[in-house]
Amino acid sequence: MQNEYSVVAEELAKTFGDFTAVDHVSFQIRTGEIFGFLGPNGSGKTTTIRMLLGLLSPTEGTGTVLGYDIVKQSEKIRKRIGYMSQQFSLYNDLTVSENLNFYGGTYGVGGQRLRERKQYILEMANLKGREREMTKNLSGGWKQRLALGTAILHEPEMLFLDEPTAGVDPISRRAFWDLLYELSHQGTTIFVTTHYLDEAEHCQSLAFIHLGRIVARGTPQEIKETIMKGEVMEIDCADPDVALSTLRDSSLFDEVALYGALIHVVGQDLETHRSTIGQLLREQALEVRSMDIIAPSLEDVFISSIKEEDRKVREEKAS
Ligand SMILES: Nc1ncnc2c1ncn2[C@@H]1O[C@H](COP(=O)(O)OP(=O)(O)OP(=O)(O)O)[C@@H](O)[C@H]1O
Ligand SMILES: [Mg+2]
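Residues numbered from 1 in each chain as written. Chains lettered and ligands numbered in written order. Predicted model: local features only at pLDDT ≥ 70, side-chain atom pairs only at ≥ 80, totals over all residues. Heavy atoms only, no water.

Now for the overall build of the protein chain. Scanning the protein chain from N- to C-terminus turns up eleven helices and 14 strands. With the principal axes as the frame, the protein chain shows a C-alpha extent of 75 × 45 × 35 Å. Looking at the protein chain as a whole, 47% of its 319 residues qualify as buried. Put simply, of all contacts in the protein chain between residues at least 6 apart along the chain, 70% involve residues at least 24 apart. Carbon and sulfur atoms provide 48% of the accessible area of the protein chain, an area that totals close to 15500 Å². (Helix = DSSP H or I, 4+ residues; strand = E, 2+ residues; numbered from the N terminus. Buried < 20%, exposed > 50% of the residue type's maximum accessible area, 1.4 Å probe, protein only. Contact = heavy atoms within 4.5 Å. Areas by Shrake-Rupley, 256 points an atom, 1.4 Å probe, with all protein chains shown as cover.)

This is the structure:
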């Protein structure tokens, strides 16, 4: 029988000397879902994955992957999952086909099954006709799809993808996400880390991590509706750069950020500040085209939960 949850992490923590990289994180991943793990550089994403896969032992806490204990049964876990690490572990001086053969050997996939899986992967990754190309000559998007191909050669129940789309162009990113959907429809559970907020929208559930702590969790919808403290006002006005610094200098709001050519102001009871905002901008002779309270985007929530966590950490240090 399948487990309801493919991953359960309870109070997982990892310290390196006196530095805490992962600070008691807890989360679950439902079997079959795409789970997005978001966080800035150095927030603890890779360290968390390494603990889940038994590559690093947790300082504290417990966890299971596919029902197996992450400390005592990591061998069993690694056989059943596919892992695409942050530095795609491809052999650059092997051809596309040789890389797939190599991973076939690693996962114990050979003979007819290997031939079938290779065909499937070459087609899926749009690498047909490139079997004999040296991996080092492939561009970023091709390498990324080949790395995904090597991670699914043994048809794993679950995939761990650590920033698979970093540094890849938008078209290749889109093609890559189409592959992830396809795998997800076939029933594969997917754990993916990313910096891209637009990719977070593609996930069924999310966790935001900052300074090793989970600062928000839920479906994209839940996160947008319930986590955000405060409202967002979107302002369309002339000279957004000047408007940005004017509104920031007023210190009236929790957050003021540029959103393309628009400004997002985050704060409490923004409707009551409407005339103040208008006045501040008019004093700078900036024409205001519109000011609307809008539903927060994931980016708004992400930035605001990070700021909130920073405030908490400062208060903890001060007390
Ligand atoms: N083996 C280690 N020894 C000491 N510090 C470490 C070690 N591994 C990671 N760290 C530190 O732990 C913190 C979290 O690192 P981690 O690689 O998990 O972050 P990340 O969220 O994956 O970042 P990125 O987005 O840059 O990949 C960082 O400050 C990192 O320098
Ligand atoms: Mg990382």
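What follows picks up the thread again.
What follows concerns helix H5 (residues 140-151). For H5, spanning twelve residues, the distance from its first C-alpha to its last is 17 Å, which sits close to the expected 16 Å at 1.5 Å a residue. Among the residues of H5, Gly141, Gln144, Arg145, Leu146, Ala147, Leu148, Gly149, Thr150 and Ala151 are the ones counted as buried. Buried residues along H5 sit in contact with strand S6 (81-84), helix H3 (96-107), helix H4 (111-124), strand S7 (158-162) and helix H6 (170-185). (Expected span 1.5 Å × (residues − 1).)

Moving on: the packing of helix H9 (residues 240-249) against helix H10 (residues 274-283). For any two helices packed against each other, the geometry is given by the interaxial angle and the distance between the axes. Interhelical geometry of H9 versus H10 gives an angle of 125° and a closest axis separation of 10 Å. As the angle between them shows, H9 and H10 are arranged oblique. Two packed elements cross with a definite hand, and for H9 against H10 that hand is right-handed. Taken together, the residues of H10 that come into contact with H9 (itself represented by Ala243, Thr246 and Leu247) are Ile277, Leu280 and Leu281. A breakdown of the residues in the contact of H9 with H10 according to their chemical character gives five nonpolar, one polar and no charged. (Axes fitted to C-alpha atoms, helices over the stretch in contact; angles between N-to-C directions. Parallel < 35°, antiparallel > 145°, perpendicular 65-115°, else oblique. Left-handed = near helix turned anticlockwise from the far one by under 90°. Nonpolar A, V, L, I, M, F, W, Y, C, P; charged D, E, K, R; others polar.)

Before going further, it helps to examine the nonpolar core. In terms of nonpolar packing, the biggest core is built from 45 residues, with Leu148, Leu159, Leu161, Leu180, Ile190, Leu206 and Phe208 touching the most fellow members. At five residues, the largest contribution of residues to this core is made by H6. Counting residues in each nonpolar core, the second largest holds 25 residues, with Leu52, Leu56, Tyr68 and Ile70 among its members. (Core = buried A, V, L, I, M, F, W, Y, C linked by side-chain atoms within 4.5 Å.)

Of the protein atoms, only Thr46 (OG1) and Gln86 (OE1) coordinate the magnesium ion (ligand 2), at distances of 2.0 to 2.3 Å. Of the two residues, threonine 46 sits in helix H1 (residues 45-52) while glutamine 86 sits in the loop between S6 and H3, which places them 40 residues apart along the sequence. We classify threonine 46 as partly exposed; its relative accessible area is 25%. (Donors = N, O, S within 2.8 Å, 3.2 Å for Na, K, Ca; no water.)

As a further point, take the pattern of salt bridges. Per the counting criterion, the structure on display carries 18 salt bridges. A salt bridge links aspartate 23 to arginine 213; its shortest N-O distance comes to 3.0 Å. Separated by 190 residues along the polypeptide, aspartate 23 in strand S2 (residues 19-30) and arginine 213 in strand S10 (residues 213-218) bring together distant segments of the chain. Of the residues examined, arginine 213 reaches a relative accessible area of 23% and is grouped as partly exposed. In this structure, lysine 45 engages glutamate 163 in a salt bridge whose closest nitrogen and oxygen atoms are separated by 3.7 Å. Placement of the pair is lysine 45 in helix H1 and glutamate 163 in the loop between S7 and H6, with a sequence separation of 118 residues. As far as burial versus exposure is concerned, lysine 45 and glutamate 163 are alike and both buried. (Salt bridge = Lys/Arg side-chain N within 4 Å of Asp/Glu carboxyl O.)

Quick look at the side chain of glutamine 144 now. When you line up the elements, glutamine 144 lands in helix H5. Among all residues touching glutamine 144, those that are not within four sequence positions of it are Met84, Phe88, Pro164, Thr165, Val168, Ser172 and Phe176.

Applying the stated criterion across every chain yields a total of twelve aromatic pairs. Seen in terms of ring centroids, phenylalanine 27 and phenylalanine 37 are 5.6 Å apart; in terms of plane orientation they differ by 35°. Their pairing is tilted. Residue phenylalanine 27 is located in strand S2, and its partner phenylalanine 37 is located in strand S3 (residues 34-38); the two are separated by ten residues in the primary sequence. Under the relative-accessibility criterion, phenylalanine 27 is labelled buried at 1%. (Phe/Tyr/Trp six-rings, centres within 6.5 Å; stacked < 30°, edge-to-face > 60°.)

Before going further, it helps to spend a moment on the site of ligand 1. Taken together, 14 residues surround ligand 1, and among them Gly42, Lys45, Thr46, Thr47 and Gln86 come closest. Between ligand 1 and glycine 44 there is a distance of 3.0 Å, counted from an oxygen atom to a backbone nitrogen or oxygen. If ligand 1 stood free it would expose 640 Å²; the protein chains cover 62% of that surface. Broken down by element, the shell around ligand 1 gets its largest block of residues, three residues, from H1. Residues belonging to the shell around ligand 1 are distributed by class as follows: four nonpolar, eight polar and two charged. (Near = heavy atom within 4 Å. Polar contact = N/O pair within 3.5 Å; in protein donor to acceptor, adjacent residues only side chain to side chain.)

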